[in-house]
Amino acid sequence: MLYFKRFFSFNKPVFRYRITFYLHIGRIALDETVIADTHQVTSGELKRIDAHIVAHKNVLGGLLPLLHAIQDDLGYVPEAAYTPISKALALSVAEVHGVVTFYHHFRTHSVGEHVLQICRAESCQAMGSEQLEMDIKSALGVDYHQTTADGKITLVPVYCLGNCACSPAVLLDDDVYGRVDKKKIEALIHEVRSS
Ligand code: FES
């Protein structure tokens, strides 16, 4: 009850911020409905993970750079990496898991050759991203967190790419595209699929 009163009794901007924040977190949680990952971590991938661990284990505050290195290399941070990371960095497995799952950037499931992220935040929504989402899903034949049958593209939602002035925006691998419409996204998808 006390928390309830405090929640509602703050000044209006703070209250508005809290509401936006909780809606945002709730929406991310909903989007995290993940499709079962059938990919098994290979011995080659485990070796690459070990190499990244060796390169980062003596770096002060090396956990985040290490996780980035693994994801940049494999496309995601597999659960099989948690134990060797925790041993090398003297952390618990729960701490490693906590960091990986706290940052929305890190993926815990394998992805296709390319990752297409669609911005679902306010500015993009106001500029028609919901229709764009439907167009993209229909063009690819997949839903969020799924990969196309040819293994080329994994579709992922994201919340603000910092490109609000050019909404709606998408991120294809490392490249941001703004003012995206059906024609533009179909051309991008075609380019990726024929590469
Ligand atoms: S809201 Fe989509 S880029 Fe900021």
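Residues numbered from 1 in each chain as written. Predicted model: local features only at pLDDT ≥ 70, side-chain atom pairs only at ≥ 80, totals over all residues. Heavy atoms only, no water.

## Section: a nonpolar patch on the surface
Residues Leu64, Phe102 and Tyr103 make up a contiguous nonpolar surface patch of about 310 Å² in total accessible area. Along the chain, Leu64 falls in helix H4 (residues 63-74). Accessibility expressed as a relative area gives 33% for Leu64, which makes it partly exposed. (Patch = residues over 30% accessible without salt bridge, like charges linked within 9 Å, V, L, I, M, F, W, Y side chains within 5 Å. Areas by Shrake-Rupley, 256 points an atom, 1.4 Å probe, with all protein chains shown as cover. Salt bridge = Lys/Arg side-chain N within 4 Å of Asp/Glu carboxyl O. Helix = DSSP H or I, 4+ residues; strand = E, 2+ residues; numbered from the N terminus. Buried < 20%, exposed > 50% of the residue type's maximum accessible area, 1.4 Å probe, protein only.)

## A look at the pattern of salt bridges
In this structure the tally under the stated criterion is five salt bridges. Salt-bridge contacts for Arg48 lead to Asp73; the nearest nitrogen and oxygen are separated by 2.9 Å. Of this pair, Arg48 sits in helix H3 (residues 43-56) while Asp73 is found in helix H4, placing the two residues 25 residues apart along the sequence. Residue Asp73 is classed as partly exposed on the basis of its relative accessible area of 31%. As a salt-bridge pair, Glu133 and Arg120 come within 3.2 Å of each other at their nearest N and O atoms. In this pair, Glu133 sits in helix H8 (residues 129-140) while Arg120 sits in the loop between strand S1 (114-119) and helix H7 (122-126), placing the two residues 13 residues apart along the sequence. Here Arg120 falls in the buried class, since its relative accessible area comes to 17%.

## Considering helix H9 (residues 182-193)
Spanning twelve residues, H9 covers 16 Å between terminal C-alpha atoms, matching the ideal 16 Å at 1.5 Å per step. Where H9 is concerned, the buried positions are Ile185, Leu188, Ile189 and Val192. Buried residues of H9, viewed axially, fall in a sector of 95°; they line one side. Facing away from the buried side of H9, by more than 90 degrees, are the exposed residues Lys183, His190 and Glu191. In this structure, the buried residues of H9 make contact with S1, H8, strand S2 (153-158), strand S3 (170-172) and strand S4 (175-177). (Expected span 1.5 Å × (residues − 1). Arc of directions from axis to C-beta. Contact = heavy atoms within 4.5 Å.)

## A few points about the sheet that holds S2
Taken together, the four strands give an open sheet; going across it, the order is S2-S1-S3-S4, and neighbouring strands pair in mixed fashion. One side of each edge strand has no neighbouring strand; the edge strands of this open sheet are S2 and S4. Shown here is a sheet whose adjacent strand axes are inclined to one another by a mean of 20°, direction ignored. Looking at chain direction, S1 and S2 are connected through six bridges and run parallel. When the bridges of S2 are listed, Val115 appears paired with Thr154. Of the strands in this sheet, S1, S2 and S3 are in contact with H8, which crosses S1 at around 155°. Across the face of the sheet, H9 comes into contact with S1, S2, S3 and S4 while running at roughly 10° to S3. (Pairing = 2+ DSSP bridges. Axes fitted to C-alpha atoms, helices over the stretch in contact; angles between N-to-C directions.)

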